[in-house]
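Read off the chains here:
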Amino acid sequence: MYKSTLLFLASVPLLHAAELNVANASKHPYADVKQGREDYRFADKKTNEVRLYDFYQRQADYYMDPANEVPAIIPAYPGLDGGSHGHWGKHNQNNYKDPRWNAMGQSQFWGQEMDNVITDSVSVLVDSEQKLYTAFSPKTNLSFYRFWSGSQPVFNPTRWGIGRGVTLKGKASFGSNGKTIKLAYDRSKPSKAVVGWLVDRSKQEYLGMYDSQGVSVFAYKLDGSEVLDAVQGLPNGVYQRTLEFVSDFEGAEVALFDIKGKSLKVSDGIATGLLADGKTKFAVRTQAAGENIFKAKGNTLVLSIAKQLAGSGMNIFMSADKKALGDKLVAAEKGAKKVRLSELVKKPKSRWSDDMQNLAVTKAKDDAAYVIDDFDIPLENKNNSMLFLSGIDFNKDGAAFISTLMGEVYKVTGLTGSQTKWQKIATGLNQPLGLQVWDEKVYVLEREQITELQDLDGDGETDFYSNFSNTFPTQMGSHTHTYGLERDADGNIYFVSGITGYRLSPDGKEYTALSTGIRNGMGFGSMSDGTILVGPQEGTSTPASAILELKEGDNHGFKNREALSVPLGYVPRGIDNSTGGFLEVEDTRWGPLGDKGLVSVCYGYGSWYQILFDKSFSKEQTRQIATVPMKGEFASGVLRAAVNPVDGQVYTVGLDGWGDYALADGCLHRIRYTGKPMYEPLGFATSDNGITVHFENELDAAAVKDVKHYFAQMWDYNHTKQYGSPEFSLKEPKSLGHDPLNVKSAHLLADKKSIFVEIPDLQPAMQMHLRMHLKTANGTEFKTDLFPTILNLGEYKEFEGAAPKMDKNREFVLRSDRVEGEIENLDTQSGEQDDHAKKVVVSTPPGLKFDKTSFKVKAGESVALVLKNADVMPHNLVIVKPGKKQAVGEAAFKMLSDPEALKKSYVPDDKSDVIAFTFVVDPKGSHTTYFTAPEQKGEYPYICTFPGHWQVMQGKMIVE
């Protein structure tokens, strides 16, 4: 049995940071970053220069030496890179800026969140010579909601442009108000927003987009009538929007763009007036069958389109250029591009000639059961493509389809030979983080939709980006990506969008919300028994990276205060600080792990491990898992893996990012079975008084029986709003550290491949570690580990000489300081209130930024600083002395092992360099702090010291 409860922090004072029981290299050799590097091929790389390898293993080996006394509470893991460089280590790249995405050859369209307005935006280049652009949104009533000229949308270089979407640059012309767009986009409630087609949402269906001869043609249905819709450019900056009605159309209204309503005049079929800015003139003209009427609805220009027959079409000509007004707009119409969209989409052309061939395959030495082979990838290429590889799957012929985070898909062949070939087949996708080949069709999970890539002319390139489904909800801002894409035996589809896991019906029409409260569910996978696995990342309200089963009604705590559900297990931070994908392998060519072996790849560490389910408990019971680290490194943070049906081996792809040990933008590897013996555990079972561990090979009985060959310890995490969690003792809950467990005896079981390790004081714990020094029957010595989460103890195992059943705790407690359903005060205050103080308001919109990068106050002035949090994650604002930004930021970084860091608002104990600070503010909350501005004039930096933010979120207070 287990329960979730409020424990410890509400009633037990925690230790001061200076007294924390954390491993230190000066006292504990196993925390020395210079040691334990021998078995790692990338240990000499700069990224890994101070990396702490094999902490738990070396810690256990140290205390297994009889020369070293085992303390009552063993020191906790100090953090990445030994903890001396902050929570994410020395080379965390939290503040990394890279503008290369803006230099990529994007074809003529790309999907990306724009200006923090909507996430399903598709920006389109409509005229390359005049640099005319538009943006289309399927969920915003199938609208072209922005038009501009001069420059493609720009990716903010912070963190490679991943978290902030794109910003419109250039000269804006036609468009809709941001608030109106958001109202139309929000499908959670009815909306009468005047944007796009003014047709009931239930009668709108987005079909997809054709990439045809340089024209992006959008296809959709309105009340069952299919429409093709495209925008092209004409001389003098005139936009030509072409509508073709594939089937009979009963007529409807379409909102074109915002205007100054009272300025509208309609004469001789031309609508003229002023745009919403009240200064820019516009002119619009259309010709089509029937009476088509321009009118104003409030401050929006609306075109009422009459009934149209199947096969008919119409053009809408729009200009906000004075040179093209009046009769010149008519002249532009005479030069209109006379094209039938239905014919255009039938004649796509090949677009990409930059196939990359003769890329080398480097096979590893066959010196272990599983080895890592390396594949060269075309990091340098004609298109300047950033190969941050985000998904992989195979067709029946063994060709791999690989997606990139920057929106491209490649077909890679030759993987079982000595050289590979890469062919680009798609581009412009919206941050794809899932890819599958189902029934020989390629499906990609974008941020807003599941897209089928269709090749209409057989040249291997995508001509139609078919919308399989975009019915599911999404969120804006950081940590709101869409991950996964798995399918069960009944055809249901699973993924995580934002903080919630979903099940989608086989036809893509209906979705069901399953587990919620998932923080950055990047780890994802499925099992043959129907289990869907998700791996949330350590962070706010997520004490450590975890492995959980996607279940309806479960809650894992991120962004809510409801009752917590218990995951299958946790992953120690020294094993994996950020989970990648999960893969069950059913192919005997992959050796012992090919018999439904479940593995996980690590984004953070660029490594991999097994996931074992406790054999004491069935699927119908409360299940629990253990992780088993495997040997082998990858060149980037590994995100996904798939089995090649041709050779039965596992292929992995990965990418760079922040908080990882990546050496390159992306990587492609093969985990290859060599036929050599495997020494890591293949299974385990928990009993009331110990653990059974199963191996592939027969073991030496004498080595098994020697209790000096084992070391066991356990610890807890704390589920709070604090970022992640230190490791806590269960026996002394106010202390950090691990509790040693007594290994009383060990036994070789009848099959000679399994052992039972007797641990009488074993109890439920969020994390346990069993270290083993063993020998095979043929004399091969080896060391290996098991890291289970113990939610339940199995039956007491009786045998001759067994210790009597102990009186001990047998109930799992999910340690937490949260009060279920608690309504928190989102608006707080600090400092002595001064009603005459100068009020300064700073907000935090989505995307890790302050809306103000500077503000001014007078020397000695009383200031009321208000921080309003409009983001989806917590923030604070800390004003520091000139030149002290880095010192304060790095000191805050190092507070993650301090259990009271959140209570201290992530502001260091030494505040000598701090002028003023707000509390940590939750989403939708605010904090007002009163302080007196310094007497010394100058520029005083301010930063957000919430973990991972200070290097990105910065500004300055100017004292005059």
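As recorded in an unreviewed UniProt entry, the protein chain goes by Plastocyanin/azurin family copper-binding protein and comes from Rubritalea spongiae.

Colleague: How would you summarise the packing of aromatic side chains if you had to cite specific residues and measurements?
Modeller: A full pass over the atoms with the stated rule returns 52 aromatic pairs. On the basis of an interplanar angle of 55° and a centroid distance of 4.6 Å, the ring pair of F472 and F495 is categorised as tilted. In this pair, F472 sits in the loop between strand 30 (464-469) and strand 31 (482-487) while F495 sits in strand 32 (residues 493-497), placing the two residues 23 residues apart along the sequence. F495 carries the same exposure label as F472, and that label is buried. By way of ring pairs, the aromatic residues Y30, F55, Y56, Y62, Y63, Y77, F711, W715 and F787 are connected into one cluster. Here the basic side chain of R519 rests over the ring of F558, its NZ or CZ set 5.9 Å away from the ring centre.

Colleague: Provide a residue-level description of the sheet that holds strand 13 (residues 238-245), including the pertinent values.
Modeller: Taken together, the 12 strands give an open sheet; going across it, the order is 15-16-17-20-13-12-11-10-30-29-28-27, and neighbouring strands pair in antiparallel fashion. The open sheet has two edge strands, strand 15 (265-267) and strand 27 (435-438), and neither has a second partner. Across the sheet, the axes of successive neighbouring strands diverge by a mean angle of 25°, strand direction being ignored. Bridge analysis of strand 10 (residues 204-212) against strand 11 (residues 215-222) gives eight bridges, and the strand direction is antiparallel. Counted as the bridge partner of M209 is F218 from strand 11.

Colleague: Give a description of the side chain of T286 that names residues and reports values.
Modeller: By the element assignment, T286 lies in strand 17 (residues 281-287). In this structure T286 comes out as buried when scored by relative accessible area, which is 10%. Engagement of the side chain of T286 in a polar contact is seen with the backbone oxygen of N315, the distance being 2.8 Å. Setting aside chain neighbours within four positions, we find T286 in contact with G269, F294, L303, M314, N315 and I316.

Colleague: Let's hear about the sheet that holds strand 57 (residues 854-857): which residues, and what values?
Modeller: Ordered in space as 57-63-62-59-60, the five strands form an open sheet in which the pairing is mixed. In the strand order of this sheet, the two ends are held by strand 57 and strand 60 (914-917), each with one partner. Between one strand and the next, the sheet's axes are offset by a mean angle of 25°, whatever the strand orientation. Pairing of strand 57 with strand 63 (residues 954-959) involves four bridges; the strand directions are parallel. Across the sheet, K856 pairs through a bridge with I958, a residue of strand 63.

Colleague: Any chance you could break down the state of the cysteines for me, citing the residues and the numbers?
Modeller: If you walk through the whole model with that rule in mind, you get zero disulfides. C667 takes part in no disulfide bond, and the closest cysteine sulfur to it belongs to C602, at a distance of 12 Å. By relative accessible area, which is 3% here, C667 ends up buried.

Colleague: So what's going on with helix 1 (residues 55-64)? Residues and values would help.
Modeller: Burial analysis of helix 1 places eight of its 10 residues in the buried class, the great majority of the element. F55, Y56, Q57, R58, Q59, A60, Y63 and M64 are the residues of helix 1 that are buried. Each element contacted by the buried residues of helix 1 is listed here: strand 42 (625-630), strand 48 (710-715), strand 52 (767-775) and strand 53 (781-788).

What counts and how
Residues numbered from 1 in each chain as written. Predicted model: local features only at pLDDT ≥ 70, side-chain atom pairs only at ≥ 80, totals over all residues. Heavy atoms only, no water. Phe/Tyr/Trp six-rings, centres within 6.5 Å; stacked < 30°, edge-to-face > 60°. Helix = DSSP H or I, 4+ residues; strand = E, 2+ residues; numbered from the N terminus. Buried < 20%, exposed > 50% of the residue type's maximum accessible area, 1.4 Å probe, protein only. Lys NZ or Arg CZ within 6 Å of the ring centre and 35° of its normal. Pairing = 2+ DSSP bridges. Axes fitted to C-alpha atoms, helices over the stretch in contact; angles between N-to-C directions. Polar contact = N/O pair within 3.5 Å; in protein donor to acceptor, adjacent residues only side chain to side chain. Contact = heavy atoms within 4.5 Å. Disulfide = S-S within 2.5 Å.

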